Amino acid sequence: MTLSYLPVFLSPLLLVAYCLFVGYACLALLNTQRTTLKNILLAPAAGLSVIIVTVFTLSWFGLPVKSFGFTLFVSLFCISAVALFYKKPLFPYKRYFLFFSLLLLALCITGRPFLQFGLGWYGYLNDDMLNYCLGANYFLEHGYFGPLNTNLIVQGKHYENFYWFEFVPGAFRSGSELLVAWISAVSGLKPLQVFMPTMLGLHLMIIQSIAGLTYTTRKNWRVPFLSSLLYTTAAMASLGIYYQLIAQADGLILFIACVAFLLRASLPHYKHGKWRYGILCALLASAFAILYPELFSLFILSLFTYYGVLFLRFRTVDLKIFSLIAIITIGCALFLHGYLFNFFSIIF
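Cut-offs applied
Residues numbered from 1 in each chain as written. Predicted model: local features only at pLDDT ≥ 70, side-chain atom pairs only at ≥ 80, totals over all residues. Heavy atoms only, no water. Helix = DSSP H or I, 4+ residues; strand = E, 2+ residues; numbered from the N terminus. Rg over C-alpha atoms; globule rule 2.2 N^0.38 Å. Buried < 20%, exposed > 50% of the residue type's maximum accessible area, 1.4 Å probe, protein only. Contact = heavy atoms within 4.5 Å. Areas by Shrake-Rupley, 256 points an atom, 1.4 Å probe, with all protein chains shown as cover. Lys, Arg positive; Asp, Glu negative; His and termini not counted. Charge placed at Lys NZ, Arg CZ, Asp CG, Glu CD. Core = buried A, V, L, I, M, F, W, Y, C linked by side-chain atoms within 4.5 Å. Axes fitted to C-alpha atoms, helices over the stretch in contact; angles between N-to-C directions. Parallel < 35°, antiparallel > 145°, perpendicular 65-115°, else oblique. Left-handed = near helix turned anticlockwise from the far one by under 90°. Nonpolar A, V, L, I, M, F, W, Y, C, P; charged D, E, K, R; others polar. Phe/Tyr/Trp six-rings, centres within 6.5 Å; stacked < 30°, edge-to-face > 60°. Lys NZ or Arg CZ within 6 Å of the ring centre and 35° of its normal.

1. Some details on the overall build of the chain
Here is step 1 of the chain: What the chain contains, in helices and strands, is 17 helices and 0 strands.
Here is step 2 of the chain: Here the chain has a C-alpha radius of gyration of 20 Å; the compact-globule value for 348 residues is 20 Å, and the two agree.
Here is step 3 of the chain: Based on the C-alpha atoms only, the size of the chain along its principal axes is roughly 65 × 45 × 40 Å.
Here is step 4 of the chain: Sorting the 348 residues of the chain into buried and exposed places 52% on the buried side.
Here is step 5 of the chain: Across the chain, the fraction of contacts at a sequence separation of at least 24, relative to all contacts at a separation of at least 6, is 82%.
Here is step 6 of the chain: Roughly 16000 Å² of accessible area belongs to the chain as shown, and the carbon and sulfur atoms make up 71% of that amount.
Here is step 7 of the chain: Here the chain carries 21 positive and 9 negative side-chain charges, and the mean point of each set is 25 Å from the other.

2. Let's talk about the nonpolar core
Here is step 1 of the chain: Ranked by internal contacts, the top residues of the largest apolar core, which has 118 residues, are Val-65, Phe-195 and Leu-262.
Here is step 2 of the chain: Setting aside residues up to four positions removed in sequence, Phe-195 forms contacts with Met-129, Tyr-132, Cys-133, Val-180, Gln-244 and Ile-246.

3. So, the packing of helix α13 (residues 246-262) against helix α14 (residues 273-291)
Here is step 1 of the chain: Two elements in contact, α13 and α14, have axes whose closest approach is 9 Å; the angle formed by their N-to-C orientations is 155°. When the axes of α13 and α14 are compared, the pair comes out roughly antiparallel. As for the relative orientation of α13 and α14, their crossing is left-handed in sense. Listed contacts from α14 to Ala-247, Asp-250, Gly-251, Leu-254, Phe-255, Ala-257, Cys-258, Phe-261 and Leu-262 of α13 are Tyr-277, Leu-280, Cys-281, Leu-284, Ala-285, Ala-287, Phe-288 and Leu-291.
Here is step 2 of the chain: Tallied by class, residues from the contact of α13 with α14 come to 15 nonpolar, 1 polar and 1 charged.

4. Here we look at the packing of helix α1 (residues 6-30) against helix α2 (residues 36-60)
Here is step 1 of the chain: It is the contact of α1 with α2, at a shortest axis distance of 6 Å, that shows an interaxial angle of 105°. As summarised for this structure, α1 and α2 are arranged roughly perpendicular, according to the angle between their axes. Residues Val-16, Tyr-18, Cys-19, Leu-20, Val-22, Gly-23, Tyr-24, Cys-26 and Leu-27 of α1 touch α2, and the partners they reach there are Thr-36, Asn-39, Ile-40, Leu-42, Ala-43, Pro-44, Ala-46, Gly-47, Leu-48, Val-50 and Ile-51.
Here is step 2 of the chain: Classifying every residue of the contact of α1 with α2 by side-chain character gives 16 nonpolar, 4 polar and no charged.

5. Regarding the environment of Leu-280
Here is step 1 of the chain: Within the secondary structure, Leu-280 sits in helix α14.
Here is step 2 of the chain: The residues touching Leu-280, leaving out its near neighbours within four places in the chain, are Cys-26, Leu-27, Leu-30, Asn-31 and Phe-261.

6. Some words on the packing of aromatic side chains
Here is step 1 of the chain: Scanning all chains against the criterion turns up 40 aromatic pairs.
Here is step 2 of the chain: Judged by centre distance (5.1 Å) and plane angle (90°), the ring pair of Trp-164 and Phe-165 falls under edge-to-face.
Here is step 3 of the chain: We classify Phe-165 as partly exposed; its relative accessible area is 41%.
Here is step 4 of the chain: Here a set of aromatic residues connected by ring pairs shows up, and it is made of Phe-56, Trp-60, Tyr-138, Phe-139, Tyr-144, Phe-145, Tyr-163, Phe-167 and Tyr-339.
Here is step 5 of the chain: Here the guanidinium or amino end of Lys-88 rests over the ring plane of Phe-85, the centre of that ring lying 4.2 Å away.

So, in structure tokens, the structure goes:
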């Protein structure tokens, strides 16, 4: 082990911090501020949603990720800073530090190979990782729909061109490749080099999202802390990172966030709350559909089950949920536009 690799070891925290910054600004604008710590814990998921939907949209309309990656990074940072300055949400540092300590623990448990190998650590180096990296190379150099250079394919050069067949006629999900491509464009490193730091960053976001899902009140801090601690120390959770299951990792983050924001007995009441909350949930659901649509049907099943049980127990359901679902549906249609065909072809 060497301290020269310490920046690489800490780099997943930078991804979490950036997503938290962007996501907390998003939640400050669109969600109630009555549960400040819950917002902070779920902020990385919201920030990831903003990044994914924005990168996806720009790529869909023909821009290579390397042409806008760093500009988008700076733009989102500046917009978030202005939003936070305008809304001035509270940040409970002392209460958050307890959960932040779990991120440091997870980094030491799961990310310690970084201290030995730096960016040369590739986990298990399975074939999925190489496919994701080649797909990321495709989006770095091309817009979503190409153009396809058949001459390079015939000459056996630039194998990322083959992934045009996967994403365009194949209509395969592309969220993880777009995320890796964006981080590669921002950092100036190759997708293969940023893949494992991205995996660790997503692992830390899962831990924080679990805490956000289970957090209810200030007095009930033990439940979210112990829930996150169990996941932090779970060998199978670390194994999933070493196996480089990136779509499952980022999909789980958005699944948890969608459950946390939508499976609730009553909707938040604040100015223009239904519309703002609907936009927030549409953003989360759209990013979820882009990243890991295979799990989306399970979320829909959970949604119907939750409100069905709620109705059977109390014989009442907040009727605003139906208008909220309509807003979310319209929002998803606008965010996803042509990708809806890909989405339905995958889940069905």
